[in-house]
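# Structural overview
Here is how the chains run, residue by residue.
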Amino acid sequence: MATVNGSESLGPQALPQPELAWGAVRVSVVIPVYNERDTVERLLRRVREVPLRLEVIVVDDGSTDGTRDVLPDLEDSLIDTLLMHDRNQGKGAALRTGFAHATGDVVVVQDADLEYDPYELPLLLKPILAGKADAVYGSRFLGGPHRVLLFWHSVGNRVLTLMSNMFTDVNLTDMETCYKMIRRELLQTLPLSANRFGIEPELTARLAQAGARIYELPVSYHGRSYAEGKKIGWKDGVSALWAIFKYNVLPPPVPAWAPPEVDPWASRERLESDARPG
């Protein structure tokens, strides 16, 4: 039995609030991959153990370490949609490709490096199913268990989050987190253009501009060192400062968001219930 933040969580019987539409909602898990040959299969197997209806979309962003040779062998068993970029374009480009192919009710970003635990996806989904949120961020800085590592990287994340909050007027603790879960119909209205790690402040800016209801929850974090393969560096931090200004101040405008009166998964659950005999 796996644990999430100290409590048992794996298995359909352990999903919180069984009255929520866990079995009706479909979650698209978009996984950008770049040179993750050593971890991608383990990550995918862990994703498939999550007790939710999943659509797994993998976007290889021009890997050169043999990852592209591994992924086709996993397509039938672990991957629903496999997309390949001919050359490396950046995380933002990979995510935008994956978002465009998502068909689930909710979309979540999952890195392939095992820094974030897929077993925690139901925790992120809960506020959306409960009608409280349109987007949920998994924060590394709200008290979840985490590997002690890279002090200045942590400081940089907090500075970038502070700068983002000043422009968006929201009070996030972790703007740069990988774990962003968003209703698909909302996500696909956002005018996204970032190719690299600027996708994180861009998503945050666009959600705030749309008037989306954003929740934040603590998640565990098993960070890597640069020797272990961590890719983001100080130059990306500098670029993020420009991205925060650019996506909060410059056009295009973002359509105002209003959640539907009836969620698609609620309608689907009623139809499935009516179709059952007896």
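What counts and what doesn't
- Residues numbered from 1 in each chain as written.
- Predicted model: local features only at pLDDT ≥ 70, side-chain atom pairs only at ≥ 80, totals over all residues.
- Heavy atoms only, no water.
- Salt bridge = Lys/Arg side-chain N within 4 Å of Asp/Glu carboxyl O.
- Buried < 20%, exposed > 50% of the residue type's maximum accessible area, 1.4 Å probe, protein only.
- Helix = DSSP H or I, 4+ residues; strand = E, 2+ residues; numbered from the N terminus.
- Contact = heavy atoms within 4.5 Å.
- Pairing = 2+ DSSP bridges.
- Axes fitted to C-alpha atoms, helices over the stretch in contact; angles between N-to-C directions.
- Arc of directions from axis to C-beta.
- Phe/Tyr/Trp six-rings, centres within 6.5 Å; stacked < 30°, edge-to-face > 60°.
- Polar contact = N/O pair within 3.5 Å; in protein donor to acceptor, adjacent residues only side chain to side chain.
- Parallel < 35°, antiparallel > 145°, perpendicular 65-115°, else oblique.

## Remarks on the pattern of salt bridges
- With the rule as written, the count across this model stands at 13 salt bridges.
- Among the charged side chains, a salt-bridge network with shared partners connects K91, D111, K180 and E200.

## Quick notes on helix α3 (residues 91-101)
- Taken together, the buried positions of α3 are K91, G92, A93, A94, L95, G98 and F99.
- For α3, the secondary structure elements touched by its buried residues are β3 (26-33), β4 (53-61), β5 (81-85), β6 (106-109), α6 (184-187) and α7 (199-210).

## Quick look at the sheet that holds strand β9 (residues 214-218)
- The strand order across the open sheet built from seven strands is β5-β4-β3-β6-β8-β7-β9, with neighbouring strands paired in mixed fashion. Only two strands of the sheet have a single neighbouring strand rather than two, namely β5 and β9. Averaged over all adjacent pairs, the angle separating strand axes in this sheet is 20 degrees, with direction ignored.
- Relative to β6, β3 runs parallel, the two being bridged by four bridges. The partner of V30 across the bridge, within β6, is V109.

## Topic: helix α1 (residues 40-48)
- Of all the positions in α1, only V40, L43, L44 and V47 are classed as buried. Across the axial projection of α1, the buried residues extend over an arc of 100 degrees, all falling on one side.

## A word on the packing of aromatic side chains
- A complete count under the given rule lists four aromatic pairs for this structure.
- Between F167 and F245 the ring centres are 6.3 Å apart and the planes differ by 85 degrees, which places this aromatic pair in the edge-to-face class. You can see F167 sitting in helix α5 (residues 151-168) and its partner F245 sitting in helix α8 (residues 234-249), a full 78 residues away along the chain.
- When its relative accessible area of 36% is taken as the criterion, F245 is described as partly exposed.
- Taken together, the ring pairs connect Y116, Y179 and Y221 into an aromatic cluster.

## Observations concerning the environment of K180
- Positionally, K180 belongs in strand β8 (residues 180-183).
- If near-sequence neighbours (up to four positions away) are discounted, K180 is found in contact with V107, V108, V109, V136, Y137, M175, E200, L203 and T204.
- Among the polar contacts made by the side chain of K180, one reaches the main-chain carbonyl oxygen of M175 at a distance of 2.8 Å.

## Topic: the packing of α3 against α7
- Where α3 meets α7, the axes come as close as 9 Å, and the angle between the chain directions of the two elements is 50 degrees. Classified by the interaxial angle, the pair formed by α3 and α7 is oblique. Across the interface between the two elements, K91, G92, L95, R96 and F99 of α3 pack against I199, E200 and L203 of α7.

## Regarding the pairing of β8
- The alternating pattern of β8 places K180 and I182 on one face and M181 and R183 on the opposite face, and all of these are buried.
- Pairing of β6 with β8 involves three bridges; the strand directions are antiparallel. By the bridge assignment, V108 is partnered in β8 with M181.
- Here strand β7 (residues 135-139) runs beside β8; their pairing, made up of three bridges, is antiparallel. Following the sheet pairing, V136 is matched in β8 by M181.

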